[in-house]
Amino acid sequence: MPADTAPPVDDAALAASLDGGFTSRHAEVNGTRLHYVEGGAGEPLILLGGWPQTWWQWHKVLPALARRFRVIAVDLRGMGGSAKPQGGYDKKTMAADVRALLEHLRLGPAHIAGHDIGAMVAYAFAANHPEATRRVALLDVSHPLESWTRMPLLPQGGKHLWWFAFNQVQGLPEQLLAGRYHLLLDWLFENAATDPADIDARSRAVYARAYDSPDAIRAGNDWYRTFGQDIRDLAQYSPVSAPLLALGGEHSNYELMVDDVPALGSDTRVVRVDGSGHYLPEEAPGAVVEELLAFLG
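The rules behind each value
Residues numbered from 1 in each chain as written. Predicted model: local features only at pLDDT ≥ 70, side-chain atom pairs only at ≥ 80, totals over all residues. Heavy atoms only, no water. Helix = DSSP H or I, 4+ residues; strand = E, 2+ residues; numbered from the N terminus. Rg over C-alpha atoms; globule rule 2.2 N^0.38 Å. Buried < 20%, exposed > 50% of the residue type's maximum accessible area, 1.4 Å probe, protein only. Contact = heavy atoms within 4.5 Å. Areas by Shrake-Rupley, 256 points an atom, 1.4 Å probe, with all protein chains shown as cover. Lys, Arg positive; Asp, Glu negative; His and termini not counted. Charge placed at Lys NZ, Arg CZ, Asp CG, Glu CD. Pairing = 2+ DSSP bridges. Axes fitted to C-alpha atoms, helices over the stretch in contact; angles between N-to-C directions. Parallel < 35°, antiparallel > 145°, perpendicular 65-115°, else oblique. Nonpolar A, V, L, I, M, F, W, Y, C, P; charged D, E, K, R; others polar. Salt bridge = Lys/Arg side-chain N within 4 Å of Asp/Glu carboxyl O. Phe/Tyr/Trp six-rings, centres within 6.5 Å; stacked < 30°, edge-to-face > 60°. Lys NZ or Arg CZ within 6 Å of the ring centre and 35° of its normal. Patch = residues over 30% accessible without salt bridge, like charges linked within 9 Å, V, L, I, M, F, W, Y side chains within 5 Å. Polar contact = N/O pair within 3.5 Å; in protein donor to acceptor, adjacent residues only side chain to side chain.

Chemist: How do you make sense of the overall build of the protein when you look at a structure like this?
Modeler: Within the protein, the secondary structure is distributed over 13 helices and eight strands. For the protein, whose C-alpha radius of gyration is 18 Å, the value lies close to the compact-globule estimate of 19 Å for 297 residues. Principal-axis analysis of the C-alpha atoms places the extent of the protein at approximately 50 × 45 × 40 Å. Residue burial in the protein is summarised as follows: out of 297 residues, 55% are buried. Here the contacts in the protein between residues at least 6 apart in sequence split such that 74% fall between residues at least 24 apart. Carbon and sulfur atoms make up 52% of the accessible area of the protein, which amounts to about 12100 Å² in all. Here the protein contributes 25 positively and 36 negatively charged side chains, and the mean placements of these two sets differ by 5 Å.

Following this line, the structure appears as structure tokens:
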């Protein structure tokens, strides 16, 4: 598609393209700058996305959720329109960013839902800020666990999460991927989505734009480089008391969620999203909306 006719991929235009009056904003909180998109009215619902995506991964579910909630889709520290500082990528600090954003917006306790890296931050939020947490939803990933330190380097059949190791490498990913991040995106969507077409060309352009610079690649990889600290932090947490829903893709991490999530809370439920791979909000938006509305009440 010629550049002058291609759909816009900047955050303000993307937010304005959604039904429901969404706006793109920034806030200086916790020593960093966060970008977020908000719309709707009602109890606050925070949505946190994952690697290698941005707040836009929620675009198929935002209008429906905004009919019931004041929805705030946040770019995490290091993601998309948010700042990319040199540190603070452990999930406890990133959860403190979100807590500070709630204070900035003068909001009381919120529901919080996260996918992938965002799920890790959502759990850290509930563990560290129970006074600000209503209910928690984790989509296809839990918090980093001690068992992750024993992942095999060589494939053992089935899934092989090679990027967990690749993203730990200092400096090289930036050199290999800057300016051609679309190659990594296409591989991930082709291999981790049940139907890769569910992540369309416009969305892929949004994500490529967000991650195509060396600084953005470094920041996104820093979410992985802090897993050791995240695991040590988890050892200090008690199981969360807020009700916790986990959604797992039938063709992705459902079985892992069944094994891992019950120990993370005192009131947990794990649901399989049939027909979906890893990218639940884009592959199965109807199921995600249905489960979240039923759970959040």
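Anyway, onward from the coordinates.
Chemist: What is the right way to look at the sheet that holds strand β2 (residues 32-39) in this model?
Modeler: In a beta sheet, neighbouring strands are held together by backbone hydrogen bonds and run either parallel or antiparallel to one another. Taken in spatial order, the eight strands line up as β1-β2-β4-β3-β5-β6-β7-β8 in an open sheet, and their pairing is mixed. Edge strands, defined here as strands with exactly one partner in the open sheet, are β1 (23-29) and β8 (268-273). Averaged over neighbouring strand pairs, the angle between their axes works out to 25° when direction is ignored. As judged from the four bridges shared by strand β6 (residues 133-139) and strand β7 (residues 244-249), these two strands associate in the parallel manner. The partner of Leu 138 across the bridge, within β7, is Ala 246.

Chemist: Teacher, can you tell me more about the packing of helix α3 (residues 91-104) against helix α4 (residues 117-128) here?
Modeler: When two helices pack together, their arrangement is given by the angle between their axes and by how far apart the axes lie. As a packed pair, α3 and α4 sit with axes 8 Å apart at the nearest point and diverge in direction by 75°. Here α3 lies roughly perpendicular to α4, going by the angle between them. Contact residues: α3 offers Lys 91, Lys 92, Met 94, Ala 95, Val 98, Arg 99 and Leu 102, while α4 offers Ile 117, Met 120, Val 121, Ala 124, Phe 125 and Asn 128. Residue classes in the contact of α3 with α4 are distributed as nine nonpolar, one polar and three charged.

Chemist: How should the pattern of salt bridges be read in this particular structure?
Modeler: Two side chains with opposite charge may pair up if their charged atoms get near one another. Throughout the structure, instances matching the rule amount to 16 salt bridges. Connected through shared salt-bridge partners, Asp 215, Arg 218, Asp 222 and Arg 225 make up one network.

Chemist: It is not clear to me how the packing of aromatic side chains should be interpreted in this structure. Could you clarify?
Modeler: Between two aromatic rings, the relevant description is the distance of the centres plus the angle of the planes. Taken as a whole and assessed by the stated rule, the structure comprises 16 aromatic pairs. These aromatic residues form a ring-pair network of at least three members: Trp 51, Trp 148, Trp 162, Trp 163, Phe 164, Phe 166, Trp 187, Tyr 224 and Phe 227. The residue whose ring lies beneath Arg 135 is Phe 295, and the NZ or CZ to ring-centre distance is 5.2 Å.

Chemist: When you look at the pairing of strand β3 (residues 43-48) in this model, what are you seeing that I'm missing?
Modeler: Side chains on a regular strand alternate between the two faces of the sheet. Within β3, five of the six residues are buried, which leaves it mostly tucked inside the rest of the structure. Relative to strand β4 (residues 69-75), β3 runs parallel, the two being bridged by six bridges. If you follow Pro 44 over to β4, its bridge partner there is Arg 70. Bridge count between β3 and strand β5 (residues 110-115): four bridges; the pairing is parallel.

Chemist: Explain the pairing of β1 here, please?
Modeler: Bridging between β1 and β2 involves seven bridges; their strand directions are antiparallel. Opposite Val 29, over in β2, you have Thr 32 as the bridge partner. In this structure, the hairpin formed by β1 and β2 is closed by a connection of two residues, where Asn 30 is found at a positive phi of approximately 50°.

Chemist: Even after reading the chapter, I still don't get a nonpolar patch on the surface, so can you show me in this structure?
Modeler: Taken together, the side chains of Val 169, Leu 172 and Leu 176 present a nonpolar region at the surface, about 220 Å² in accessible area. Looking at the element boundaries, Leu 172 is found in helix α6 (residues 172-177). Residue Leu 172 is classed as partly exposed on the basis of its relative accessible area, which comes to 39%.

Chemist: Help me understand the environment of Arg 68, please; the structure alone is not making it clear to me.
Modeler: Here Arg 68 shows up in the loop between α2 (62-66) and β4. Since its relative accessible area comes to 38%, Arg 68 is described here as partly exposed. Sequence spacing of Arg 68 and Lys 84 is 16 residues, and the spatial spacing of their C-alpha atoms is 32 Å. Non-local contacts of Arg 68, meaning those with residues more than four positions away in its chain, are made with Ala 41, Gly 42, Glu 43, Leu 293 and Gly 297. Of the polar contacts made by the side chain of Arg 68, one reaches the backbone oxygen of Gly 297; its length is 2.8 Å.

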